[in-house]
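Examination of the molecular architecture
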Amino acid sequence: MIEPLFLEGVIKILFVFVLISAALIISTRSLASVLTTYTVQSFLLAAVSFLLYLMEGKSELLLLAGLTLASKVLLIPHFIKRIEEKIKISRDLNFTYLEPTTSLLLSIGLILLSYAFLSRVFEAFALSKLFFFGAVIGLSLTLMGMLVMFSRRKVITKALGYLSMENGVLMFGIFVTELPFILEILIIIDLIILVLLTSILAVGLDSSIEEYRKKIRRLQVWNGGEAL
Amino acid sequence: MNTSFLLFALLNPAFALLAAPLYMALIRKVKAYAQGRKGPKLFQVYYDLRKLMHKEAVYSPTSSWVMRLTPCLNLTALLACSLFVPLIFVPEPAGGFGNVIVFLYLLALERFFTALSGLDAGSAFGGMGSSRSMSLAAVIEPTMVVAFAALAFVLKSLNLHEMFALTAGSLLPASPTLVLVSISLFIILIVETGRLPVDNPATHLELTMINEAMILEQTGKNLALLELAHAIKQLLLMGVLINTILPIGLSAEADAGKIAVSALLFLLKAGVLAVVIGLFESALAKMRLFRLPAFYMMAFFFSALTILIEVFA
Amino acid sequence: MLEALAYGAVFALVSGTVLPLLYRSKNARQASFGLSLISSVLLLGFAGTVLYTGKEPSFPAFGFLPGLDFTLAADRLTAGFVLLIAAVLPGVSIYSLEYTEHAKSEARKALQAALTSLFVLAMLLVVLAGNMVGFLIFWEIMSLSSLLLVLHDYSSEENKKAGFFYFVMTNISTTFLFLGFISLYRLTGSAEFGPLEYPAGALTLPFLCLFIGFGVKAGLVPFHKWLPYAHPAAPSNISALMSGVMLKVAIYGFLRFLLAAASPELWWGVLILIAGSLSALFGVIYALKESDIKRLLAYSSIENIGIIFIGIGLYVIFRVEGLETLALMSLAGACFHAFNHALFKSLLFLCAGSVVHATGTRNIEAFGGLVKTMPATSALFLIGSVSIAALPPANGFAGELLLYQAFFQASALSANPLLTVFMVIALSSFALTGALAAALFVKLFGITCLALPRSEESRLAEEVEKPMLFGPAVPAVLCILTGIFSKQILSLAGWDIEFPDLLLLGLLLAFIYAALFLAVRAKTEIPDRISETWGCGFPALTPSTEYSSAGFSEPLVMIFKSIYRTRIVHRPEYFDGQESLFKNGHVEIRLLRFFEEYLYIPPALAIDSLSKRVAKLQNGKLDSYVLYAFLAVLTLIIATGVLV
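The structure displayed is predicted, hence computed values, not measured ones. (Residues numbered from 1 in each chain as written. Chains lettered and ligands numbered in written order. Predicted model: local features only at pLDDT ≥ 70, side-chain atom pairs only at ≥ 80, totals over all residues.)

1. Some words on the overall build of chain C
Selection rule: The secondary structure listing takes helices from DSSP runs of H or I that are at least 4 residues long and strands from runs of E that are at least 2 residues long, numbered from the N terminus. When we talk radius of gyration, it's over C-alpha atoms, and the globule rule is simply 2.2 Å times the number of residues to the 0.38. Here the C-beta atoms are placed from the backbone, and a residue counts as buried if at least 20 other C-beta atoms lie within 10 Å of its own, exposed if 12 or fewer do, and partly exposed otherwise. Each residue gets a C-beta atom placed from its backbone, and two residues are in contact if those atoms lie within 7 Å.
Within chain C one finds 23 helices and five strands. A compact globule built from 644 residues should have a C-alpha radius of gyration of about 26 Å, and chain C, at 27 Å, falls within 12% of that. Once the C-alpha set of chain C is aligned to its principal axes, its extents read approximately 105 × 80 × 65 Å. When the 644 residues of chain C are sorted by exposure, 51% land in the buried category. Considering only contacts in chain C between residues 6 or more positions apart, those separated by 24 or more positions represent 77%.

Take a look at the structure:
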């Protein structure tokens, strides 16, 4: 049996790396690196839930770890990699509203905000420090994912931002909510993402939103609410 | 003043002075291997220093006493610094030596005068080096201070000797947060010693030089002193990192046998770290100058998170 | 005995004020500065005794107006700031012996000498004032005498603007002080500076008023804009006094209130810490871009005032949280830094005055090579730069070290995690400030004194006269001594704080340096050689190939480009209405003066338009005035009817 205190220490370290991976998704310019970072982030999440399983012994956690590993570490990155190979762009250099440096500073602010907010909300619950902080990380990860979605230009980075955000939801779920419930939700969300991704794949996107819309219009997939 | 500290004050600077050039050479050797070359001999830096010491100093007619003052002053500052970082054993603290802030500001003293001497000869290279070095040093400073503050947070002391007395001898780092602090310390080590991807120690191309540009006008024995100071700085920062992450074998007693074991182990650990640094450098390309603040921001984010974890969880 | 020292100093300063006005001769002016020197010795004895023994002198009260007495008092806080005045005064007095003689006319020389003494006297009496009445009266004398000194060279348009700016800002400061003191008076019913034992919340209004009032005078961001205007206009010896002492008098006032308040609140500390951090950061960032030497030093003063306020903020926070040791450490850091800043900033302003005098320009880009032409001034300048860049073992480091130590132990606030994190953020901004200040002074000293002269004036510069060297030498020696003996000074002042012994460090550095130097010299076989700087293959190095001040700060300007926003202004004029025949125009690209354009100008314009409207009432017709009187009476009657 491994000592719980040691496991807690390792989880804390993993927390930091999860946040670092989110920060990298915000600031990295190479698309391949963003994807790798996302994969690593998902792997870290799987690791966290595995370690929690070792601590708590709930089999759902093991299941979750396996599921995350299969879908987010193997399947989804594989799909996206195929897209990246097809669209032949390797970098996303443009930022809207926020430069990476500012985003990183803002991220620290977001973490503090999540902490302040959740410490009010969970005042009544007797969460252990580790679990509470896990929730904080989950929430901040979600917010940082949103940050990616509006500050990066290329759709593919936005999609990765969304996925990272969803990782945040998962994290929050692991540490706060009842498990079976969240498990179902997560699977559904994952499926939605898969569908979304494959549809993107079908259209063949390779650039910013504006060009994407043009392309979709041309292919008559969707009118975008405007007359052609 | 106690005997343990007096012994330390004699042994530690001497050890730093003697061992520092070895790791400069070792890193070069590792980089050479990574590039498929054979590389210099392990003692090459010692030979170089000896050769330089025998050469005369050449001064520009433009330069002033600032340039003549700097080499000795820098080595002085670094030798004083070597009293702050225990390399071979941890003494009982005395007279405020070991204060982490004094340590950081002695490094700043060295940087300040190097930058001034860069401007002294009136060459555009020197000015460029000083300007870049001071600018980048300013941007990395918050990371550096926060990383050392994190160290002070975790080990509950302001004194490096007291901190490492706490970790000395244990196999693993005292707290998981220390693993994170060490990553910050590693980045600081890379930045402060002017290594890739921040600065390239092997170049003399004007566009990429930072540290080399400042000492471009230094010659002969003065250059030797500056190089030696730089090597000691690297060794001391390596020492801080090693004592944080891998304190195994570090002796907290002033006992001859234990000191010998401790020193040997340190040489070994520093060797491993030097290999890691060499490989790290080989794996990376030089970053564009104005991309560096984002890289430093990442490092800052890391150190700040470390403290957040320490405080919140 | 103790009282006699204070009276003696006051008397010396009063005669120093009167003498040059009565006799317009060089001797009278020399005597005036000599009297300042004497007063500083007396004050040293006075302040030293009070600080060391803790004995408080008693001064009789003077009846001023019925019910308003006017007293002097001195406790240890007062003594600390009197000591600060006494430490700065000798250097400035010796320097002024020669510097004042460079003024344009006899009348101006006399006026400058007299006003300098009056200014010092006013500052001294503000610090010694025992109640609010005296404080405010001397405060106004201090402001007015410094205003007249800023307007010393009143013929230039730029100086007039500077004077006006200073006048407005200083009045805003006084207004807020009046409001603050009045609200305190309403609370306590007395004009004395007594302890303020009120529950939390009762002191909010006085705190805010005094914070703004003293903040304006101390040059806290965003009320700092008068500093970079006033300093270039004022003579350098006056800049040294204003920056070195007057700003500290504002700090003194603020501390007097804070220490009296029995229950400060956490948000006060947080507010002070934020304002201090912002001042420090913005001060140094703006200074980096500056190329006017005195304006640069003015911005650097804003930075250092920020650092002092950081210390005060830390003090309040730690005190509220019940951490007495750390609170004491922060307070000691703030006071010690105030003292140190007085020394090195007066040193730097005096040296800048010498440089400006020798070259005839304030533009850093025109300096260079002064280490050859003005070796003594350059050496003094380097000591000042090393001190202000907080390098050990000079005194700038000692003060900042105390603050760093307090910051590093913020983990003691573990009961309040968010506060701890806030402290870490403040710490990182503080660290950034420190490193930027080092970069700033590498630039200032490097570009001013090193390399080749960048202009003819700088090439032909000559070393200044003896008094202008001995003057700055006094604070230079004090800078080193207070740094090295900081631990001893702190323990003499009765602060028992964990602090490394810089004396030991200094001795060690000196010893290693001497040993290395001798060893290297003994090893040298071939003598040194002089040879040209390598100029990339060009035959001779010219000043135009050197790094310039703007070039030096360019990387930082790029990194902080979101702060240095530029504004493009173009105002074309045309011959015709269709805007096709161009007559002439004005185009400029300059730094956006953010605080001035968004914070100062709008209210100024609003007041201006309001006063124009009021001015319309003044139409000069008798009938309208009678109408106003009629309306006033009518209002009065109605108001009385409603109210009674």
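Back to the text.
2. With respect to the environment of C:S145
All names here are of chain C. Examined against the element boundaries, S145 turns out to sit in helix α5 (residues 132-150). Using a count of 22 C-beta atoms within 10 Å as the deciding quantity, one classes S145 as buried. Setting aside anything within four residues of it in sequence, one finds S145 in contact with L115, L118, F119 and A122.

3. Examining the pairing of strand β4 (residues 566-574) of chain C
Walk down a regular strand and you will see the side chains alternate between the two sheet faces. All names here are of chain C. Let me state the cut-off plainly: By definition, two strands form a pair when at least two bridges between them are found by DSSP.
Across the nine residues of β4, zero count as buried, placing the element largely on the outside. Sheet analysis places β4 next to strand β5 (residues 582-591), joined by nine bridges and oriented antiparallel. Across the sheet, residue I568 finds its bridge partner in β5, namely I589.

4. Overview of the environment of A:E84
All names here are of chain A. Among the structural elements, E84 can be located in helix α3 (residues 59-87). Along the sequence, E84 and T68 sit 16 residues apart, while their C-alpha atoms lie 22 Å from each other. Filtering out sequence-adjacent residues up to four positions away, E84 remains in contact with L31, A32, L35 and I156.

5. A short note on the domain arrangement of chain C
To be explicit about the condition: Domain delimitation follows an automatic or database domain assignment.
In terms of domains, chain C is made up of domain 1 (1-187) and domain 2 (566-643). Distance between the C-alpha centres of domain 1 of chain C and domain 2 of chain C: 38 Å.

6. Structural notes on the packing of helix α7 (residues 176-192) of chain B against helix α9 (residues 220-245) of chain B
Residue and element names in this part refer to chain B. Heads up, the condition is: Interaxial angles span 0 to 180 degrees and are taken between N-to-C directions of axes, which are lines fitted to C-alpha atoms, for helices over the stretch in contact. Reported orientations rely on four angle classes, namely roughly parallel under 35 degrees, roughly antiparallel over 145, roughly perpendicular from 65 to 115, and oblique for the rest. Under the grouping applied here, Gly and all other residues not named as nonpolar or charged are polar, the nonpolar ones being Ala, Val, Leu, Ile, Met, Phe, Trp, Tyr, Cys and Pro and the charged ones Asp, Glu, Lys and Arg.
Running from N to C, α7 and α9 cross one another at 170°; their axes reach a closest spacing of 9 Å. Comparing their axes, α9 and α7 come out roughly antiparallel. Contact residues: L178, V179, V181, S182, L185, F186, I188, L189 and E192 in α7; K233, L237, M238, V240, L241, T244 and I245 in α9. Of the residues belonging to the contact of α7 with α9, the class tally is 12 nonpolar, two polar and two charged.

7. Some details on helix α6 (residues 155-175) of chain A
As a reminder of what qualifies: Helix span is expected to be 1.5 Å times the residue number reduced by one.
The first and last C-alpha atoms of α6(A) sit 30 Å apart over 21 residues, in line with the 30 Å expected at 1.5 Å per residue. The buried fraction of α6(A) is high, at 17 of 21 residues.

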